[in-house]
Amino acid sequence: MITIALSKGRIFEETIPLLKAAGIEVLEDPDTSRKLILTTNQPDVRVLVVRATDVPTYVQYGGADMGITGKDTLLEHGSQGLYQPLDLQIAKCRISVAVRSDFDYKSAVKKGSRLTVATKYVAIARDFFASKGVHVDLIKLYGSMELAPLVGMADAIVDLVSTGNTLKANHLVEVEHIMDISSRLVVNQAALKLKQAPMRHIIDAFESAVV
Ligand code: AMP
């Protein structure tokens, strides 16, 4: 049995064509099914539906043989012991700093002001501002980061940006592009040794399907 950990939403949807390239079709829709283990047309392949931030943990502890997760999650939650053979070029976005459109970020940085930054990505934000020599107080949030500057709780946010529509709708502007993000295949190394042929088949099919 090969077990693949995926999260619902964009990663799941953009993984469907990759699975298809490996001859795998998921037989249930995670948006309508309440099942957490989904069967596929291959009796020896199943899909686990887990939170995006839990994908590395399932793969690391062998709950899944492989999984797909964003570079943001791997950087933020660690990727110890995980083999990362492929950048799948899916769920692409960027991680950026954004502020209220009336906040003068450039001069605040120039003056050496201490900034309050709200984010889910505390490790990425800490590294980024440290590399710029900007002093920050970080506030950890779990979602809707865009609210924090609007209610005066933070000067800036660090968040994923795709089209920029969410920022625009909340009168925020992007002032720094920290890095580009895409999703990666992560593999449990012990599982790869034990199930080399079927896992290699999937990895190779994914690799040839990456556009
Ligand atoms: P957008 O309005 O298209 O810029 O999307 C921004 C919102 O979608 C933010 O709340 C992000 O946290 C989220 N988002 C954008 N891209 C991704 C992604 N690849 N994975 C997860 N969340 C994302």
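Predicted model only: the values in this text are computed from it and were never measured. Throughout this description, residue numbers start from 1 for each chain and increase along the sequence as written. Residues qualify for local features only when their pLDDT is at least 70, as the model is predicted, and side-chain atom pairs are given and counted only at 80 or more; totals for whole chains, interfaces and linings, by contrast, use all residues. Side-chain measures were taken over the full set of non-hydrogen atoms in the model, leaving aside hydrogen atoms and water.

Tell me what's going on with the UniProt feature "domain: ATP phosphoribosyltransferase catalytic" (unreviewed entry) in the protein, and back it up with residues and numbers.
UniProt positions are given in the numbering used here, feature names are shortened, and annotations may be inferred rather than shown by experiment. The residues that UniProt annotates with the feature "domain: ATP phosphoribosyltransferase catalytic" (unreviewed entry) are residues 51–207. Annotated as residues 51–207, this span is 36% helix and 32% strand, and its ends, taken at the C-alpha atoms, are 24 Å apart. Numbered from the N terminus, helices here are DSSP runs of H or I no shorter than four residues, and strands are runs of E no shorter than two.

I'd like a description of the sheet that holds strand β1 (residues 2–6), backed by residues and values.
A pair of strands is labelled paired if DSSP reports no fewer than 2 bridges between them. Taken together, six strands build an open sheet; the order of strands is β2-β3-β1-β4-β11-β5 and the sheet is mixed. The open sheet has two free edges, formed respectively by β2 (37–39) and β5 (82–87), since each of these has just one partner strand. On average, each strand axis in the sheet is inclined to that of its neighbour by 30°, with strand direction left out of account. Relative to strand β11 (residues 183–188), β5 is paired through four bridges, and the arrangement is antiparallel. By the bridge assignment for β11, Y83 is matched with V187. Helix axes are fitted to C-alpha atoms over the stretch in contact, other axes to C-alpha atoms as well, and angles between N-to-C directions run from 0 to 180 degrees.

Talk me through the pattern of salt bridges; I want residue IDs and the actual numbers.
In the sections that follow, a salt bridge refers to a side-chain nitrogen of Lys or Arg positioned within 4 Å of a carboxyl oxygen of Asp or Glu. This model, assessed by the stated rule, comprises eight salt bridges. Linking R10 and E14 is a salt bridge whose minimum nitrogen-to-oxygen distance equals 3.0 Å. Residue R10 and its partner E14 are both found in helix α1 (residues 10–21); the two are separated by four residues, about one turn of the helix. Burial classes: relative accessible area under 20% of the type maximum marks a residue as buried, over 50% as exposed, and values in between as partly exposed (1.4 Å probe, protein chains only). Take R10: its relative accessible area is 37%, and that puts it in the partly exposed class. Note that D65 is salt-bridged to K195, the shortest N-O span being 3.0 Å. On the criterion of sequence distance, the pair formed by D65 in the loop between α2 (55–60) and β4 (66–70) and K195 in the loop between α8 (189–194) and α9 (196–209) is long-range, its members being 130 residues apart. Residue classification places K195 among the partly exposed residues on the basis of a relative accessible area of 25%.

Residue-level account of the site of the ligand, with values.
Working definition: residue near molecule or strand if any one of its non-hydrogen atoms lies within 4 Å of it. In the vicinity of the ligand, the residues found are R10, A91, C93, E146, D159, L160, V161, S162, T163, G164, N165 and T166. Under this definition, polar contacts are N or O atom pairs within 3.5 Å; protein pairs additionally need one hydrogen-donor-capable and one acceptor-capable atom, and for neighbouring residues in sequence, both atoms have to be side-chain atoms. N165 is positioned with one of its backbone polar atoms (N or O) 3.5 Å from an oxygen atom of the ligand. We get accessible surface area from the Shrake-Rupley algorithm with a probe of 1.4 Å; when it comes to residues, only the shown protein chains can shield them. Coverage of the ligand by the protein amounts to 68% of the 490 Å² it exposes when considered alone. Breaking the shell around the ligand down by element, the ones donating at least two residues are β9 (156–161) and α7 (165–169). Grouping the amino acids of the shell around the ligand by side-chain chemistry returns four nonpolar, five polar and three charged. Just so you know the grouping, Ala, Val, Leu, Ile, Met, Phe, Trp, Tyr, Cys and Pro go in nonpolar, Asp, Glu, Lys and Arg go in charged, and all remaining residues, Gly too, go in polar.

Just give me the short version of the nonpolar core, but keep the residues and values in it.
Within the largest apolar cluster, 29 residues are counted, with the highest numbers of intra-cluster contacts made by V97, F129 and V158. Those elements giving two or more residues to this core turn out to be β6 (93–100), α4 (105–110), β7 (115–119), α5 (122–132), β9 and β10 (172–181). Ranked by the residues each element gives to this core, the list is headed by β6, at five residues. Throughout, a contact is declared for two residues whenever any of their heavy atoms are within 4.5 Å. Not counting chain neighbours up to four residues away, the residues in contact with V97 comprise Y105, F128, F129, A156, I157, V158, V173, E174, V175, E176 and I178. By size, the runner-up hydrophobic cluster in this structure holds 28 residues, among which are L19, I24, I90 and M199. By convention a nonpolar core is built from buried Ala, Val, Leu, Ile, Met, Phe, Trp, Tyr and Cys residues, the set being connected through side-chain atoms within 4.5 Å.

Tell me about a nonpolar patch on the surface, and please be specific about residues and values.
Together, L147, L150, V151 and M153 make up an exposed nonpolar region whose accessible area comes to about 350 Å². Within the secondary structure, L150 is located in helix α6 (residues 147–150). Judged by its relative accessible area of 32%, L150 is partly exposed. Residues forming no salt bridge and having over 30% relative accessible area are the ones grouped into patches, like charges within 9 Å of each other and nonpolar side chains (Val, Leu, Ile, Met, Phe, Trp, Tyr) within 5 Å.

Run through α1, naming residues and quoting values.
The set of residues buried in α1 consists of I11, F12, T15, L18 and L19. Taken down its axis, α1 places every buried residue within 115° of arc, on the same side. Projecting away from the buried face of α1 at angles above 90 degrees are the exposed residues E13 and K20. On its buried face, α1 is in contact with β1, β2, β3 (45–49), β4, β11 and α9. G23, located one to two residues past α1, shows a positive phi value of around 80°. Arc definition: directions from the helix axis to the C-beta atoms.

Go over α9, please, and point to the residues and values.
By this rule, a helix spans an expected 1.5 Å times one less than how many residues it contains. Counted at 1.5 Å a residue, the expected span for α9 with its 14 residues is 20 Å, and the 20 Å between its end C-alpha atoms agrees. Residues of α9 that are buried include every one of M199, I202, I203, A205 and F206, and no others. Seen from one end, α9 has its buried residues packed into an arc of 160°, which puts them on one side. For α9, exposure combined with an orientation more than 90 degrees from the buried face picks out A197 and S208.

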